[in-house]
Amino acid sequence: MTIWNELAGLDFTVKTVDAAGVPTRSLQAGSGEQAVVFLHGTSGHLEAFSRNIAAHAPYYECHAIDMLGHGYTGKPDYPYEIPRYVEHLVNYLDAVGLDKVHLVGESLGGWVAAHLASEQPERVLSLQLLAAGGTVANPEVMERIRTSTAKAVQSDDIELTRARLHLLMHDPVNATEELVEARHRIYHQPEFVANIHNLLSLQDMETRQRNLLRPDRLARIEAPTLVVWGHENPFGDVPEAKKMAADIPGAQLQLYPECGHWPQHEQAALYNPLSLEFLAKASERAKSVA
């Protein structure tokens, strides 16, 4: 299911925010002294967090956005490298008046969130890295992402979109028909098709290498960090998660069995309470050092 079913009964808005000239689709819900911003993965969109917003909204001001070049956000014609994503995220935070936030990033979203936390620690209250990318450059995985995404975008066959989503999930039942249809519609916007090469630029080895989250960068992260990973993640093995957590000072690691690349979606019943507990501790820490 997507936001229209999962968020039934919850007050929320979906609007376009001008992030320094880039129109940015944003779902906003909830209220609280602190804000949580949710960031999806490569070729994804804010519906990746459809099973998480309602759990967090009673306690936090929640924002889920379509990142630069993704979903229904603007698609400028240049390669989408990590500094570009970070710039867009900071512009969004400034546009909605958020100085410090908790960041929850899945896959590419985690890569972007970690980069921002290493560069501008004053903007990040805490960090959740969900099957986060960016620490390795595996040619086989990169080709799998590039090929499966390009095929789904360049063909009208909805079965290719379904296959792209099934690749993310350990149990394909989590790729609901509503989610498949939402992604298929996004993939076939003319501007999305025209910019797919920019969106997939991080699957080029030379480009990826200059954007990697290397250990020295991860070691600069000051925010409390939670790393969440699935044992059946098709885009990264468990040792990658353990290394990521080890390289970030004080990071906490949570592994889920029978889980692929969307732990927040596939294991929402386990993830949401864990996230809220982590956020509560991080919130108290932020207040104590303020």
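Note: the structure precedes this text.
These remarks concern the structure in this document. (Residues numbered from 1 in each chain as written. Predicted model: local features only at pLDDT ≥ 70, side-chain atom pairs only at ≥ 80, totals over all residues. Heavy atoms only, no water.)

To continue, consider the pairing of strand β6 (residues 124-130). For β6, the buried fraction is high: seven of the seven residues fall into the buried class. Examined bridge by bridge, strand β5 (residues 101-106) and β6 share six bridges and lie parallel to one another. Bridging across to β6, valine 101 finds its partner in valine 124. Handedness of the crossover joining β5 and β6 through helix α4 (residues 108-119): right-handed. (Buried < 20%, exposed > 50% of the residue type's maximum accessible area, 1.4 Å probe, protein only. Helix = DSSP H or I, 4+ residues; strand = E, 2+ residues; numbered from the N terminus. Pairing = 2+ DSSP bridges. Right-handed = clockwise from strand over helix to strand, strands pointing away.)

This brings us to the side chain of arginine 164. Of note, arginine 164 is situated in helix α6 (residues 158-168). Lacking a salt bridge, the buried arginine 164 has glutamate 106 as its closest oppositely charged neighbour, with an N-O distance of 8.0 Å. A distance of 3.5 Å separates polar atoms of two side chains, one belonging to arginine 164 and the other to serine 148. Other than its neighbours up to four places away in sequence, arginine 164 contacts Thr42, Ser43, Ile145, Ser148, Thr149, Ala152, Arg183, Tyr187 and Phe235. (Lys, Arg positive; Asp, Glu negative; His and termini not counted. Salt bridge = Lys/Arg side-chain N within 4 Å of Asp/Glu carboxyl O. Polar contact = N/O pair within 3.5 Å; in protein donor to acceptor, adjacent residues only side chain to side chain. Contact = heavy atoms within 4.5 Å.)

The subject of this paragraph is the nonpolar core. Core analysis: the largest hydrophobic core is formed by 52 residues, its most contacted members being Tyr85, Leu89 and Leu103. Discounting chain neighbours no more than four positions away, the residues touching leucine 103 are Val37, Leu39, Leu89, Ala113, Leu116, Val124, Ser126, Leu127 and Gln128. In terms of nonpolar packing, the next biggest core, distinct from the first, is built from 35 residues, Phe49, Leu168, Leu179 and Trp262 among them. (Core = buried A, V, L, I, M, F, W, Y, C linked by side-chain atoms within 4.5 Å.)

Right, let's talk about helix α5 (residues 139-154) for a bit. In a regular helix each residue adds 1.5 Å, so 16 residues correspond to 22 Å; α5 covers 22 Å between its end C-alpha atoms and thus fits that length. Every buried residue of α5 is listed here: Val141, Met142, Ile145, Ser148, Thr149, Ala150, Ala152 and Val153. The inward-facing, buried residues of α5 abut α6, α7 (177-187), α8 (190-194), α9 (196-199) and α10 (205-211). (Expected span 1.5 Å × (residues − 1).)

In the structure shown here, the tally under the stated rule is five aromatic pairs. One aromatic cluster is present, formed by Tyr78, Tyr80 and Tyr85 through successive ring pairs. The residue whose ring lies beneath arginine 84 is tyrosine 78, and the NZ or CZ to ring-centre distance is 3.7 Å. (Phe/Tyr/Trp six-rings, centres within 6.5 Å; stacked < 30°, edge-to-face > 60°. Lys NZ or Arg CZ within 6 Å of the ring centre and 35° of its normal.)

What follows deals with unusual backbone geometry. Where the residue is not glycine, phi is negative for most of them; where a peptide bond is considered, it is trans in most cases. Phi is positive for serine 43, which is not a glycine, with a value near 65°. Its location among the elements puts serine 43 in the loop between β3 (35-39) and α2 (53-56). Taking the relative accessible area as the measure of exposure, serine 43 reaches 0% and is therefore buried.

So, about the pattern of salt bridges. Tallied over the full model, the rule gives 15 salt bridges. Note that glutamate 277 and lysine 281 form a salt bridge whose closest N and O atoms lie 3.6 Å from each other. Placement of both glutamate 277 and lysine 281 in helix α14 (residues 268-289) is noted, with a separation of four residues, approximately one turn of the helix. Residue lysine 281 is classed as exposed on the basis of its relative accessible area of 58%. By sharing partners, the salt bridges in this structure join Arg25, Glu47 and Asp66 into a single network.

Now for the packing of α6 against α7. Packing of α6 against α7 leaves a shortest axis separation of 9 Å and a crossing angle of 115°. Once α6 is placed against α7, the crossing between them reads as right-handed. Residues Ile158, Thr161, Arg162, Arg164, Leu165 and Leu168 of α6 lie in contact with α7, whose contacting residues are Glu177, Leu179, Val180, Glu181, Arg183, His184 and Tyr187. Of the residues contributing to the contact of α6 with α7, the split by class is six nonpolar, two polar and five charged. (Axes fitted to C-alpha atoms, helices over the stretch in contact; angles between N-to-C directions. Left-handed = near helix turned anticlockwise from the far one by under 90°. Nonpolar A, V, L, I, M, F, W, Y, C, P; charged D, E, K, R; others polar.)

With that settled, consider helix α3 (residues 82-95). Taking 1.5 Å of rise per residue, the 14 residues of α3 would be expected to cover 20 Å, and the 20 Å separating its terminal C-alpha atoms lies within 8% of that figure. Among all positions in α3, only Ile82, Tyr85, Val86, His88, Leu89, Val90, Tyr92 and Leu93 are buried. Looking one or two residues past α3, glycine 97 carries a phi angle of roughly 75°, positive in sign.

Spatial strand order, β1-β2-β4-β3-β5-β6-β7-β8: eight strands in an open sheet with mixed pairing. Both outer strands of the open sheet, β1 (12-19) and β8 (252-256), are each paired with one neighbouring strand and no more. This sheet shows a mean twist of 20° between the axes of neighbouring strands, independent of strand direction. Note: β3 against strand β4 (residues 61-65), five bridges, orientation parallel. Residue pairing for β4: valine 36 is matched across the bridge by cysteine 62. The strands touched by helix α12 (residues 238-247) within the sheet are β6, β7 (225-230) and β8, with β7 carrying the most contacts at an inclination of about 175°.

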